[in-house]
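Coordinate analysis (summary)
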Amino acid sequence: MRQVITRFAPSPTGVLHIGSVRTALYSWLYAKQHNGKFILRIEDTDKERSKKEFEDNILDGLKWLGLTHDVFYRQSDRADLYKKYLETLIAKGSAYISKEEPTEEGERSEVIRFKNPNGVVTFRDEARGDISFDTTELKDFVIAKDFETPLYNFAVVIDDFQMGVTHIIRGDDAISNTPRQILIQEALGAPRPMYTHLPMILAPDKTKLSKRHGALAVTEYREEGYLPEAILNFVALMGWNPGNDQEVLFLDEMQKLFTLEKVQKGGAVFNIDKLKWLNKHYMKLLSKERAGESILNFFPGVLRTKAEDNPVIFEKIVPIIIDHVSHFGEVRALAESGEYGYFFDEPTYPLEALLWKDDTDRTRTAEKLQKVVVLLQSVSEESFDAEHIKAALWDFATEVGRGSVLWPMRYALSGREKSPDPFTLAEILGKEVTVNRVNEAIKLLMV
Ligand code: GLU
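One structure accompanies this document, and this report is about it. Computed from a predicted model, the values in this text were never measured in an experiment. (Residues numbered from 1 in each chain as written. Predicted model: local features only at pLDDT ≥ 70, side-chain atom pairs only at ≥ 80, totals over all residues. Heavy atoms only, no water.)

**Details of unusual backbone geometry**
- Residue Asn-118 is not a glycine yet carries a positive backbone phi of 60°.
- Within the secondary structure, Asn-118 sits in the loop between strand E5 (110-114) and strand E6 (120-125).
- You can call Asn-118 partly exposed: its relative accessible area is 40%.
- Positive phi, close to 55°, is recorded for Lys-139, a residue that is not glycine.
- Topologically, Lys-139 is positioned in the loop between strand E7 (129-134) and strand E8 (142-146).
- Assessed through its relative accessible area of 61%, Lys-139 is described here as exposed. (Helix = DSSP H or I, 4+ residues; strand = E, 2+ residues; numbered from the N terminus. Buried < 20%, exposed > 50% of the residue type's maximum accessible area, 1.4 Å probe, protein only.)

If you want it as structure tokens, here you go:
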């Protein structure tokens, strides 16, 4: 048995897209579960479109996701090798230097063409079964512009051969290249790897996927505060399933369960809501420390300082914040709209906001809040938690109308239309601050 060797072979002509992560992940999983090797190969034969910044983005994204490679190659470092194999093919009569038709300027350039034996190529695809191509129509295709400039289909074959790649897992846009690559392999006497072509990822409405559907670069998801665990789980399920309806899969579970046979022929759908759902799931599993750190990273500077200065309050609001968002980018947006300010600073609000819709009488509202203060005072400092506070206030609120007590109390504490319930708020803020804020509201009502 040969050692399993897989590769992820991105062209650095764009950033690492979430769809390419799937190719990398499946190749990585397959190698790891067979104690094999996972190669990262940067395919930069297109000198004009390849950019260092894209290579950096790809490396950065893979590292963040934990898809570490065992070996790294860059095609531009391997020019001598390609040249050697071009010469070999020419010597064997499987390739030749071809004089092209003269251009308008009258120049006759040269390219290197593969001598097509014009047969039918049949290969097995793990996801699709046997695929046959009549290669006659490919004619004698170009494999290099010159000895220094090999083209993609040629360089890929040399690399896969030289690197001992046993399993090629890649997007189905490469299917049409496969017969060319097989012809070159056969001319070189190279072994044929196993092929698995992954189904194209579509938007939920089955149209072509685009940024509009939320498909972004991996680094953009990181900036939006998605967790790498969620991204990996999400891409794993686009075109593969574990054979049951399990949807939450950690990397080590995927490593156990992944099989090429379960890779689907089609039906790979990108559903951003599913990513959000998974992300929320993983957010809830975060340790308090990691959750807190992530939130702080997404807090604007001033709020961050306040949170760091008030660790007791901050610790209490971490689970509440997590509960209300699907990724940390939402925390940033909420923080910017002033959502969390009241946990640290006394809120300001217009007097009218305190009045409950069914009881807009200022004096009566003030009297109710005075009673709230008395009841709050009856709860001891040690047992000042949501449960005890609720127990102290509930009967009174029920008697005189819950909304007319709890609305102004909550507003006094948060100064916002929406916030956690008043008991939770009171617990977080502590007895002193809670009583002070309710007293401030009473003052405002009495003016
Ligand atoms: N560089 C090619 C691409 O990015 C790789 C295709 C392959 O895996 O062979 O599409």
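**Digging into the site of the ligand**
- Arg-7, Ala-9, Pro-10, Ser-11, Glu-43, Tyr-152 and Arg-170 make up every residue found near the ligand.
- Contact distances for the ligand include 2.9 Å between a nitrogen atom and a side-chain N or O atom of Ser-11.
- Within the side chain of Glu-43, a nitrogen or oxygen atom sits 2.5 Å from a nitrogen atom of the ligand.
- Relative to its free-state accessible area of 290 Å², the ligand is covered by the protein chains to the extent of 76%.
- Looking at the shell around the ligand residue by residue, the classes come out as three nonpolar, one polar and three charged. (Near = heavy atom within 4 Å. Polar contact = N/O pair within 3.5 Å; in protein donor to acceptor, adjacent residues only side chain to side chain. Areas by Shrake-Rupley, 256 points an atom, 1.4 Å probe, with all protein chains shown as cover. Nonpolar A, V, L, I, M, F, W, Y, C, P; charged D, E, K, R; others polar.)

**Some thoughts on the packing of aromatic side chains**
- In the structure shown here, the tally under the stated rule is 16 aromatic pairs.
- Ring centres of Tyr-85 and Phe-161 lie 6.2 Å apart, and the angle between their planes is 65°; on these two criteria the pair is classed as edge-to-face. With Tyr-85 in helix H3 (residues 79-92) and Phe-161 in helix H4 (residues 152-162), this pair connects stretches of sequence that are 76 residues apart.
- Its relative accessible area of 10% is what places Tyr-85 among the buried residues.
- With a relative accessible area of 29%, Phe-161 lands in the partly exposed category.
- Following the ring pairs from residue to residue traces out a cluster consisting of Tyr-349, Trp-356, Trp-407 and Tyr-411.
- The residue whose ring lies beneath Arg-78 is Tyr-73, and the NZ or CZ to ring-centre distance is 4.8 Å.
- The cationic tip of Arg-180 hangs over the ring face of Phe-141; the distance from NZ or CZ to the ring centre is 5.7 Å. (Phe/Tyr/Trp six-rings, centres within 6.5 Å; stacked < 30°, edge-to-face > 60°. Lys NZ or Arg CZ within 6 Å of the ring centre and 35° of its normal.)

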